[in-house]
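# Chains, contacts and geometry: an overview
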Amino acid sequence: MRPHDTTEVADALQREICRRLDGVSRLCLALDMSVAARALSLARLRRQHPDYSDLDLKKALLRLAFPTDALPPPLR
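Residues numbered from 1 in each chain as written. Predicted model: local features only at pLDDT ≥ 70, side-chain atom pairs only at ≥ 80, totals over all residues. Heavy atoms only, no water.

Okay, the overall build of the chain next. Scanning the chain from terminus to terminus reveals three helices and zero strands. Overall, the chain shows an N-to-C arrangement of helices and strands of α-α-α. Across the 76 residues that make up the chain, the buried fraction comes to 11%. Entry remark: accessible area of the chain is about 6,300 Å², with carbon and sulfur atoms responsible for 62%. (Helix = DSSP H or I, 4+ residues; strand = E, 2+ residues; numbered from the N terminus. Buried < 20%, exposed > 50% of the residue type's maximum accessible area, 1.4 Å probe, protein only. Areas by Shrake-Rupley, 256 points an atom, 1.4 Å probe, with all protein chains shown as cover.)

Structure, rendered in C-alpha cells:
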C-alpha cells in the first residue's frame with residue numbers, strides 16, 4: 001500500500017531501490033530507521049516532560065514501544 005504523501009512514481013522508485021539492496025544493506029537501513037525513530041520519540045518526550053530524568057525518558061520510551069504488562073516490574 002502506497003503512503004498518502006508519496007506519488008506513485010516516487011513509490012515505485014523507492015521500491016525498486018529497496019529491491020536492489022542486498023540483505024546487509026537492508027538490515028543497515030532498518031537499523032538506521034529504528035535509531036531515527038527512537039531519537040524522534042525521545043525528543044518529543046523531552047519536550048512533553050522537561051522534568052524527566054534520562055532514566056524516566058527511557059522508561060517512557062519503553063512504555064511507548066511495549067505494553068506495560070510486558071515489562072518487568074522495575075520498568076513499569
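On we go.
In the predicted model, the chain carries a mean pLDDT of 89, and 89% of its residues have values of at least 70. For the chain, helix 3 (residues 54-65) is the element with the lowest average pLDDT, namely 91, and helix 2 (residues 23-48) is the one with the highest, namely 95. (pLDDT = per-residue confidence, 0-100.)

The subject of this paragraph is the packing of helix 2 against helix 3. Two packed helices can be described by the angle between their axes and the distance between those axes. Relative orientation of the contacting elements helix 2 and helix 3 amounts to 120°, with a least axis distance of 10 Å. Viewed along their axes, helix 2 and helix 3 adopt a mutual orientation that is oblique. Where helix 2 crosses over helix 3, the two elements pack in a sense that is right-handed. Residue-level contacts link Arg 38, Ser 41, Leu 42, Arg 44, Leu 45 and Arg 46 of helix 2 to Leu 57, Ala 60, Leu 61 and Leu 64 of helix 3. By residue class, the composition of the contact of helix 2 with helix 3 is six nonpolar, one polar and three charged. (Axes fitted to C-alpha atoms, helices over the stretch in contact; angles between N-to-C directions. Parallel < 35°, antiparallel > 145°, perpendicular 65-115°, else oblique. Left-handed = near helix turned anticlockwise from the far one by under 90°. Contact = heavy atoms within 4.5 Å. Nonpolar A, V, L, I, M, F, W, Y, C, P; charged D, E, K, R; others polar.)

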